[in-house]
Amino acid sequence: MRVLGELMRHMRLVTRMARATQTDLVAAYDRGDLSTAEWAGMVQTCRTCAWADSCGEWLDRTDRVVDAPGSCLNKKRFAMLKGRARQRELETP
């Protein structure tokens, strides 16, 4: 079983990945698309990720990307939050 990584380190990795993928976590939270528990779950998922050791280095070399890399366990969550934000933009006159 993998030992969980340090909480604050993984919170920073999730925040950095959100920035790299242009996913606004604060706006998603404010809109109700991301609950506190879901946000905490993203950090917890990151803590279990075997790729997390390489993630920080990847983020150091990466400015902006369309999607998180396939090795990111939160890839689908970031994509879902971005999709919801885009949908809301389209629905707003």
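Residues numbered from 1 in each chain as written. Predicted model: local features only at pLDDT ≥ 70, side-chain atom pairs only at ≥ 80, totals over all residues. Heavy atoms only, no water.

### Let's talk about the side chain of His10
Selection criterion: Secondary structure is summarised from DSSP: a helix means a run of H or I of at least four residues, a strand means a run of E of at least two, and numbering begins at the N terminus for each. When a residue's accessible area, from a 1.4 Å probe over protein chains only, is under 20% of the maximum for its type it is buried; when over 50% it is exposed; and in between it is partly exposed. Contacts were defined at the residue level, with two residues in contact if any of their heavy atoms lie within 4.5 Å.
Relative to the helices and strands, His10 resides in helix H1 (residues 7-20). The buried category is assigned to His10, whose relative accessible area is 1%. Ignoring anything within four residues of it in the chain, the contact list for His10 reads Gly5, Val43, Cys46, Arg47 and Ala52.

### A closer look at the packing of H1 against helix H3 (residues 36-48)
Using the following cut-off: For every element, the axis is a line fit to its C-alpha atoms; helices are fit only across the contacting stretch, and the angle between N-to-C directions ranges from 0 to 180 degrees. Angle categories: roughly parallel below 35 degrees, roughly antiparallel above 145, roughly perpendicular from 65 to 115, and oblique for all the rest. Polarity classes work like this: nonpolar for Ala, Val, Leu, Ile, Met, Phe, Trp, Tyr, Cys and Pro, charged for Asp, Glu, Lys and Arg, and polar for all others, with Gly in that last group.
In contact at an axis separation of 9 Å, H1 and H3 are set at 110° when each is read in the N-to-C sense. As far as their axial angle goes, H3 and H1 are roughly perpendicular. Of H3, the residues touching H1 (which contributes Leu7, His10, Met11, Leu13 and Val14) are Met42, Val43, Cys46 and Arg47. Of the residues assigned to the contact of H1 with H3, the class counts are seven nonpolar, one polar and one charged.

### Comments concerning the pattern of salt bridges
Our working definition: One speaks of a salt bridge when a side-chain nitrogen belonging to Lys or Arg is within 4 Å of a carboxyl oxygen belonging to Asp or Glu.
Scanning the model with the defined rule gives four salt bridges in all. Here Arg16 and Asp60 are joined by a salt bridge, their closest N and O atoms 2.7 Å apart. A residue pair is termed long-range when its members are at least 10 positions apart, and Arg16 in helix H1 and Asp60 in helix H4 (residues 52-61) qualify at 44 residues. Overall, the relative accessible area of 59% leaves Asp60 in the exposed class. With a shortest N-O distance of 3.9 Å, Glu38 and Arg77 are connected by a salt bridge. Placement of Glu38 in helix H3 and of Arg77 in helix H5 (residues 75-91) is noted, with a sequence separation of 39 residues between them.

### Details of the environment of Ala50
Positionally, Ala50 belongs in the loop between H3 and H4. Judged by relative accessible area, Ala50 falls into the exposed class, the value being 64%. For the pair formed by Ala50 and Leu34, sequence separation is 16 residues and the distance between their alpha carbons is 24 Å.

### Details of the nonpolar core
Put simply, the test is: Note on terminology: a nonpolar core comprises buried Ala, Val, Leu, Ile, Met, Phe, Trp, Tyr and Cys residues joined through side-chain atoms within 4.5 Å.
The biggest cluster of nonpolar side chains holds 22 residues, and the ones touching the most others in it are Val14, Met17, Leu25, Met42, Trp51, Leu59 and Phe78. Of all the secondary structure elements, the ones that give two or more residues to this core are H1, helix H2 (25-31), H3, H4 and H5. For this core, the element with the highest residue contribution is H1, accounting for five residues. Residues within four places of Trp51 in sequence aside, it is in contact with Met17, Trp58, Pro69, Ser71 and Cys72.

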